[in-house]
Structures are given as C-alpha cells and as structure tokens.
Amino acid sequence: MKIRALLVGLVAMGLSAAAVAADPIVIKFSHVVAQDTPKGKAAEKFKQLAEQYTNGAVKVEVYANSTLYKDKEEMEALQLGAVQLLAPSLAKFGPLGVREFEVFDLPYIFDGSEALNKITQGPVGAQLLAKLEPKGIRGLAYWDNGFKSFSANTPIRKPEDLRGKKMRTQSSKVLEEQMREVKSLPQVMAFSEVYQALQTGVVDGTENPHSNLFTQKMHEVQKHMTLTDHGYLGYAVITNKKFWDGLPAEIRTQLDKAMVESTVYANQIAKEENDKALEGVRASGKTEIYTPTAEEKAAFKKAFVPVHKKMESRIGADLIQSIYKETGFDPAKL
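Basis of the calculations
Residues numbered from 1 in each chain as written. Predicted model: local features only at pLDDT ≥ 70, side-chain atom pairs only at ≥ 80, totals over all residues. Heavy atoms only, no water. Phe/Tyr/Trp six-rings, centres within 6.5 Å; stacked < 30°, edge-to-face > 60°. Helix = DSSP H or I, 4+ residues; strand = E, 2+ residues; numbered from the N terminus. Buried < 20%, exposed > 50% of the residue type's maximum accessible area, 1.4 Å probe, protein only. Lys NZ or Arg CZ within 6 Å of the ring centre and 35° of its normal. Core = buried A, V, L, I, M, F, W, Y, C linked by side-chain atoms within 4.5 Å. 1 Å grid on protein atoms, 1.4 Å probe; cavity = no way out; pocket = protein on both sides within 12 Å on 5 of 7 lines; lining within 4 Å. Points joined across faces, edges and corners; volume = space filled by probe spheres on them. Nonpolar A, V, L, I, M, F, W, Y, C, P; charged D, E, K, R; others polar. Pairing = 2+ DSSP bridges. Contact = heavy atoms within 4.5 Å. Axes fitted to C-alpha atoms, helices over the stretch in contact; angles between N-to-C directions. Expected span 1.5 Å × (residues − 1).

**So, the packing of aromatic side chains**
Per the counting criterion, the structure on display carries eleven aromatic pairs. Taking the centre distance of 5.7 Å and the plane angle of 55° together, the rings of Phe147 and Tyr232 count as tilted. With Phe147 in strand β4 (residues 137-147) and Tyr232 in strand β10 (residues 232-240), this pair connects stretches of sequence that are 85 residues apart. Given the relative accessible area of 15%, Phe147 is considered buried. Connected via pairs of aromatic rings, a cluster forms that spans Phe93, Phe101, Phe104, Phe110, Tyr142, Phe147 and Tyr232. Sitting over the ring of Tyr235, Lys39 keeps its end group 3.7 Å from the ring centre. Directly above the aromatic system of Tyr265 lies the positively charged group of Lys45, at a separation of 4.9 Å from the ring centroid.

Here it is, written out as structure tokens:
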C-alpha cells in the first residue's frame, strides 16, 4: 500500500509511474562558453530545475566551454541526435539556411533591452523559432547575453579607427558586411580559437559582450575596448524536434516549466554578469575602457545602419520593417 501511495503521489505531481521507474532520460546540453557566463549559469539552472521537476526522471548533462562540440560542429550533432540541447548564438542559424535570424545581427537595430524584448518575447520572435522546425529543430526560448563592444590593440573612438583592422566575427554574412561597411577585414573564426588568434596577432580585434570577453581572458590580449553597444548577442535554446516530440507528455510539461523559469533567470542575470565582467576588465588594468560621447555614438550608428538596407534581400525587407514597427526605430532620423 505504501508503494501504491507513493506512485499515486508521483502521478499527482505530473509524472507517470512508468517514467519514474525507468532509467533516467539523459539530455546532453552542449555549449561553447564558460560555465560562469550568463549562458553557462542558465544551463546549470535548467539542469537543476529539470531534474527537480521531473523527480529525477530526467538527467541533464551540461558540457560547457566546447568540451563536447565546438560551435562549428554542434548544430549537426543536434540534428543527428548526438546531443539533445544547444544554446547557439542567433548568428548560427543563417548558415543553417534560416537567414531570417540574421536580423538579430544587424548593427543598432535594437536600442537597448526594452526594444529587444518586444521582439524576443513577442510574436516576431515566436514566428522566427517556428522557422527552425523544417530543419528538425524545435526552438524553446531566447536567452540574452547582452550588447557588444569592440576591442582592439589600438584605440577605437570613431568608425574610421576600424579601417584595415582584422576583426574576428562569427559566421554571419551580416556581421561580415558590418565590418566591411567600415573598411575593416572580417575574419570568421570559432569562439574557442579567438584568444589565441588575438594573442598571436592573427586578428587585431573582436566584438563581444563583456562577460564573454572577460571569462575567455581576451582582455589580457586587448589593450583597448570601446562601449559601442553596436550589436546584440543572444542565443536560442533549441532541441532535436524528434527527440522532444517523443518525450512522454508529462515529462515534456515539466521540462517546459523548467525552461520558462531558467529563461527568466538567464535574462535577469545577463546585465548583472556583463556589468560585473566590465568591472573585472577595468580592475585588471590591462585594457583601457572608453565610453563614446553622444556625438561619437551617433557617428557609429550612422556608419553602420546602411547595412540594414544592404541585407534586405538576404533577411527580408518585411521582417526588418516589422521590427522597426515594433521597436519604433527609424533609420531616416539618424
């Protein structure tokens, strides 16, 4: 009777007796950044909540810092079912064939978090995630990492200071065009290779949210950083659609709950972690941090925003216009 009562109690919690009695469902969650970044901490939060809410019926194994797959390999691994969860940067979906996601790479399209949230937490964001399904991928959530700053070994005070510099970018046609717009030389490179490339002079500089720059110790090999906030770096948490759809309904319900809560956590800590990382860079004394004046910021915007028009044929003019409408951005007013 005691065993029966226990099972009834577990079913009441939303888990079937069969799910509890079976071996745990293992979910491998691979990502390419350090464990102490916003994404790394959010992945650990999801692990904690998923295992808690499923009462151990699910075991989440988190592989941080490219220990399982590098960013060039992980998407194929997900589609093949070798890994079940990823949180790749939004730039990764363009090479996959879903070019609409490259709208997130457009420089200065989001003027801060409030404008961004109107997209990621609204219908436009949901419509974009749905476009992944024909690729065998289910989009679960957007996780923030914040806005990017430029770094290099020489000062960057105006767009012209980027001319001729070899700047590391992710694999994104929009980011490559962004750098070409100011006559710099885009260098596509895996995230795990950037520190060494900066150290050896293979590239001159890069763009990162502060938490990525600091946790990867890039500030140790970059003398200057300018707080341009020119671009957004965010992630989409994704899963193998066949795997997700094949989960018992009660397990999927609990995992959805864990994902919603870990997403709130991820987005809350992103700014906090980036602010803390910026102070870490400042305290190191290795990198001079420069805050542009309003006039200098306007000059960067004016230099980069023409990329929006150039990318219309690739991303979709209607999508870009829908974001302008949601956020109130008007490039004509620059």
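There is more to say after this.
**Brief notes about the nonpolar core**
The tendency in soluble globular proteins is for nonpolar side chains to be buried side by side. Phe93, Phe101, Val103, Phe104, Leu106, Phe110 and Ile238 are the most contacted members of the largest nonpolar core, which has 48 residues in total. With four residues, the single largest contributor to this core is helix α15 (residues 317-327). Met189, Val203, Trp244 and Ile289 belong to the second-largest nonpolar core, a separate cluster that totals 42 residues.

**Description of the layout of surface pockets**
Of the voids in this model, the largest pocket is the one considered here, and its volume is about 460 Å³. Lining the largest pocket are 24 residues, with Ser113, Gly146, Phe147, Asp229 and Lys271 sitting closest to its centre. Broken down by secondary-structure element, the contributors of at least two residues to the lining of the largest pocket are α5 (113-120), β4, α11 (249-284) and α12 (294-304). The biggest single contributor to the lining of the largest pocket is α11, with six residues. In the lining of the largest pocket, the residues fall into eight nonpolar, nine polar and seven charged. Lining the second largest pocket are 14 residues, and of these Asp71, Lys72, Lys92, Pro95 and Ser171 lie nearest its centre. In the lining of the second largest pocket, the residues fall into seven nonpolar, two polar and five charged.

**A short note on the sheet that holds β4**
Reading across from one edge, β2-β1-β3-β10-β4 is the order of the five strands in this open sheet, with mixed pairing throughout. Since the sheet does not close on itself, it has two edges, and those belong to β2 (58-63) and β4, each with one partner. One ladder, built from six bridges, connects strand β1 (residues 25-30) with β2; its direction is parallel. Residue pairing across strands places Phe29 opposite Val62, the latter belonging to β2. Its contacts with the sheet place α11 against β1, β2, β4 and β10, and it is angled at close to 15° to β4.

**Section: helix α3 (residues 38-53)**
In this model α3 runs 22 Å from its N-terminal to its C-terminal C-alpha over 16 residues, within 8% of the 22 Å that 1.5 Å per residue would give. Among the residues of α3, those classed as buried are Pro38, Lys39, Gly40, Ala42, Ala43, Phe46, Leu49, Ala50 and Tyr53. Of the residues flanking the end of α3, it is Asn55, one or two places downstream, whose phi is positive at about 55°.

**What about empty space enclosed by the protein?**
Across all of its chains, the model carries one cavity of 30 Å³ or more by this definition. Surrounding the largest cavity, 19 residues form its lining, Ser89, Lys92, Gln170, Phe191 and Leu233 being those nearest its centre. Those elements giving two or more residues to the lining of the largest cavity turn out to be β6 (166-169), β8 (205-208) and β10.

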